[in-house]
Amino acid sequence: MANILILGGTAWLGRTLAQAATSAGHSVTCLARGASGDFPVAASGVVVDRDSPDAYAAVAGREWDLVVELTRIPSHAHGALAAVSERARNWVFVSSCSVYAGHSTPEADEDTPRLDPLGRDERYTPEVYGEAKSACEIATLAARDSAALLIRAGLIGGPGDPTGRTTYWPLRAADVRGPVVTPSDDGPHYPQHVQIIDVRDLASFILNAGLAGRTGAVNAVGAALPLCEALNTAREAANTNPQLAEYPLSRMADDGVSPWSGPRSLPLVLPLDPDYAGFARRSDARALAWGLVRRPLLETFRDIIAAEEPWTGRQLGAGLSAGDEAELLAAS
Ligand SMILES: NC(=O)c1ccc[n+]([C@@H]2O[C@H](COP(=O)([O-])OP(=O)(O)OC[C@H]3O[C@@H](n4cnc5c(N)ncnc54)[C@H](OP(=O)(O)O)[C@@H]3O)[C@@H](O)[C@H]2O)c1
């Protein structure tokens, strides 16, 4: 049994990780405010705001077999490293493929250049997420003399995705409200891909690689699939045969439809800019060599639908509303 500290644990991935670790018999402590959600039932909770001066007092004097840091705020990463690192055997920083400076080359590996780190006196905002994660990576390696594992996650998917990006297509296929407005690649664009890692597979990988003492950086990404294959998989998971209304991607800008995420969007669709040609096609070779096990996308999509049953047609954080779809269909 290992003694594990999760810096976070009240949001989606952190809670999934805590559940995986406690189910495996480990002793888990989660440190967070409790603002993002409840603390996992089987874990010990330390309720604290990491902006407060003595944020780590309750966990600093203890030995940890593994610390998993989920933050995106460099000052939080620095504070935890200063207070806790000395007594931590293994340290995982959950980073992101957003740290990479470019996304134009398919199959790019962990050695490709990263964004310049956010400066120590610069404030975190979502616009500098990649730079902030880059700063957290550098702080972690410096404080640990490189004895840390940087898990660069790609798009995380599965039941409970708070962003709606990975749940939209299977739930839309399961919804019988009318023709599904479906992306059709109509121009001289690069081929669109999707690369989703199931949150449960990512949690297992973090736990296993972290406890095994792996160090260095690793892309923890799903299998890269053409977008059309992923959309077919969503329909197969829903076991429906919905009418499809093909929507040319070249219309997005004129119609005020966003790619990727958010309201009035086509989730998972990438911007039609060749700079994104390698975005959902990162190399997974190192993660597979280090034991990443991934379930098929069909299983992820089926579980997303099962978790929402009976589906109420509620509006997700990403995708087209019924009104958006009607408007786009009327204009075509
Ligand atoms: N979603 C994706 O597709 C994706 C892709 C790549 C990488 N990632 C990374 O994957 C991880 C996802 O983690 P997650 O789902 O658990 O969500 P998260 O929102 O990134 O987790 C943040 C955790 O930090 C805690 N926290 C935030 N501010 C705090 C403060 N002032 N004091 C104490 N605790 C604080 C939050 O808890 P409280 O609010 O309760 O305090 C929460 O438990 C992140 O590292 C993210 O950057 C995500």
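Note that the structure is a prediction, hence the values are computed from the model and not measured.

Moving on, we get to the overall build of the protein chain. Each helix and strand counted, the protein chain has 11 helices and 15 strands in total. Over its C-alpha atoms the protein chain spans a radius of gyration of 20 Å, differing by no more than 12% from the 20 Å that the globule rule assigns to 332 residues. Considered along the principal axes of its C-alpha atoms, the protein chain spans approximately 65 × 40 × 35 Å. Among the 332 residues that make up the protein chain, the fraction classed as buried is 50%. Restricting the contact set of the protein chain to residue pairs at least 6 apart, pairs at least 24 apart contribute 74%. Split by element, the accessible area of the protein chain, about 14,600 Å² in all, is 50% carbon and sulfur. Mean positive and mean negative side-chain charge positions of the protein chain (28 and 40 charges, respectively) differ by 5 Å.

A few words now on the site of the ligand. Around the ligand there are 28 residues in total, and Thr10, Ala35, Ser36, Arg72 and Tyr129 lie nearest to it. Within the backbone of Gly9, one N or O atom sits 3.4 Å away from an oxygen atom of the ligand. Contact distances for the ligand include 2.9 Å between an oxygen atom and a backbone N or O atom of Gly34. Computed on the free molecule, the ligand has an accessible area of 900 Å², of which 86% lies beneath the protein chains in the complex. Elements with a minimum of two residues in the shell around the ligand: helix H1 (12-23), strand S5 (88-96), helix H4 (129-143) and strand S7 (155-157). Of the residues belonging to the shell around the ligand, the class tally is 12 nonpolar, 10 polar and 6 charged.

Attention shifts here to the side chain of Lys133. With respect to the element layout, Lys133 can be found in helix H4. Lys133 has contacts with Leu70, Thr71, Arg72, Phe93, Val94, Ser95, Ser96 and Val99, leaving out every residue within four places of it along the chain.

This brings us to the nonpolar core. With 32 residues, the main nonpolar core has Leu13, Ile151, Leu202 and Ile206 as its most contacted residues. When residues of this core are traced back to their parent elements, those giving at least two are strand S1 (3-7), H1, strand S2 (27-32), strand S4 (64-69), S5, strand S6 (149-153), helix H6 (199-211) and strand S11 (216-220). Apart from the residues within four sequence positions on either side, Ile151 is in contact with Val92, Phe93, Val94, Ser95, Ser96, Leu202, Phe205, Ile206, Val218 and Ala220. With 31 residues, the next largest nonpolar core counts Leu155, Val194, Leu316 and Leu320 among its residues.

Locating Leu297 in the fold gives a position in helix H10 (residues 297-308). Separated by 81 residues in sequence, Leu297 and Gly216 place their C-alpha atoms 27 Å apart. Other than its neighbours up to four places away in sequence, Leu297 contacts Ile196, Leu225, Ala230 and Thr233.

What follows concerns the side chain of His26. Residue placement: His26 occurs in the loop between H1 and S2. At 3.0 Å, the side chain of His26 forms a polar contact with the backbone nitrogen of Ala2. Those residues within four positions of His26 in sequence are excluded, and the remaining contacts are Met1, Ala2, Ile4, Ala21, Leu207 and Leu211.

The next point concerns the packing of aromatic side chains. By convention here, two paired aromatic rings are described through the distance between centres and the angle between planes. Under the counting rule described, the total for this entry stands at 3 aromatic pairs. Between Trp260 and Phe279 the ring centres are 5.3 Å apart and the planes differ by 90 degrees, which places this aromatic pair in the edge-to-face class. Taken as a pair, Trp260 in strand S14 (residues 258-260) and Phe279 in the loop between strand S15 (265-267) and helix H9 (285-289) lie far apart in primary sequence, 19 residues in all. The class for Phe279 is partly exposed, based on a relative accessible area of 24%. Taken together through their ring pairs, the aromatic side chains of Trp260, Tyr276 and Phe279 make up a single cluster.

Okay, H4 next. One turn of an α-helix holds 3.6 residues; hence residues three or four places apart share an orientation. The end-to-end C-alpha distance of H4, which contains 15 residues, comes to 21 Å, matching closely the 21 Å that a straight helix rising 1.5 Å per residue would cover. Listed in full, the buried residues belonging to H4 are Gly130, Ala132, Lys133, Ser134, Ala135, Cys136, Glu137, Ala139 and Thr140. Those residues of H4 that are buried are in contact with helix H3 (74-84), S5 and S6. Asp145, located one to two residues past H4, shows a positive phi value of around 55 degrees.

Of all 6 residues in S2, 5 are buried, a share of seventy percent or more. Note: S1 against S2, 5 bridges, orientation parallel. When the bridges of S2 are listed, Asn3 appears paired with Ser27. Tracing the backbone out of S1, into H1 and back to the parallel element S2 gives a crossover that is right-handed. Where S2 meets strand S3 (residues 44-47), 4 bridges bridge the pair, whose relative direction is parallel. For Ala32, the partnering residue across the bridge sits in S3 and is Val47.

Criteria and cut-off values
Throughout this description, residue numbers start from 1 for each chain and increase along the sequence as written. pLDDT decides what is reported in this predicted model: residues at 70 or higher carry local features, side-chain atom pairs at 80 or more are listed and counted, and totals for whole chains, interfaces and linings draw on all residues regardless. Processing note: side-chain calculations cover all non-hydrogen atoms of the structure and skip hydrogens and water entirely. Strands here are runs of E lasting at least two residues and helices are runs of H or I lasting at least four, both read from the DSSP assignment and numbered beginning at the N terminus. C-alpha atoms define the radius of gyration in this analysis, and the globule rule sets the expected value at 2.2 Å times the number of residues to the power 0.38. Buried, partly exposed and exposed residues are distinguished by accessible area as a fraction of the type maximum, computed with a 1.4 Å probe on protein chains only: under 20%, between the cut-offs, and over 50%, respectively. When checking whether two residues touch, look at their non-hydrogen atoms; a contact exists if any pair is within 4.5 Å. Per-residue and other accessible areas were derived by the Shrake-Rupley procedure at a 1.4 Å probe size, with only the shown protein chains allowed to occlude residues. Under the counting rule used here, the positive set is Lys and Arg, the negative set is Asp and Glu, and His together with the chain ends is not counted. Charge coordinates come from a single atom per side chain, which is NZ of Lys, CZ of Arg, CG of Asp or CD of Glu. Residues are classed as near a molecule or strand on a simple rule: at least one heavy atom within 4 Å of it. Polar contact is the term for a pair of N or O atoms within 3.5 Å; when the atoms are in protein, one must be able to donate a hydrogen and the other to accept it, and sequence-neighboring residues count only if both atoms are side-chain atoms. As a working rule, the residues Ala, Val, Leu, Ile, Met, Phe, Trp, Tyr, Cys and Pro are called nonpolar, Asp, Glu, Lys and Arg charged, and the rest polar, with Gly in that last group. Take the buried Ala, Val, Leu, Ile, Met, Phe, Trp, Tyr and Cys residues and link them wherever side-chain atoms come within 4.5 Å; each set so joined is a nonpolar core. Between the rings of Phe, Tyr and Trp (Trp by its six-membered ring), a pair exists once the centres lie within 6.5 Å; its type follows the angle of the planes, with under 30 degrees stacked, over 60 edge-to-face, and the other angles tilted. Here, expected helix span is obtained from the residue count minus one, scaled by 1.5 Å. In this scheme, strands are said to pair when DSSP sees at least two bridges between them. Seen with its strands pointing away from the viewer, a crossover is right-handed if its path from the first strand over the helix to the second goes clockwise.

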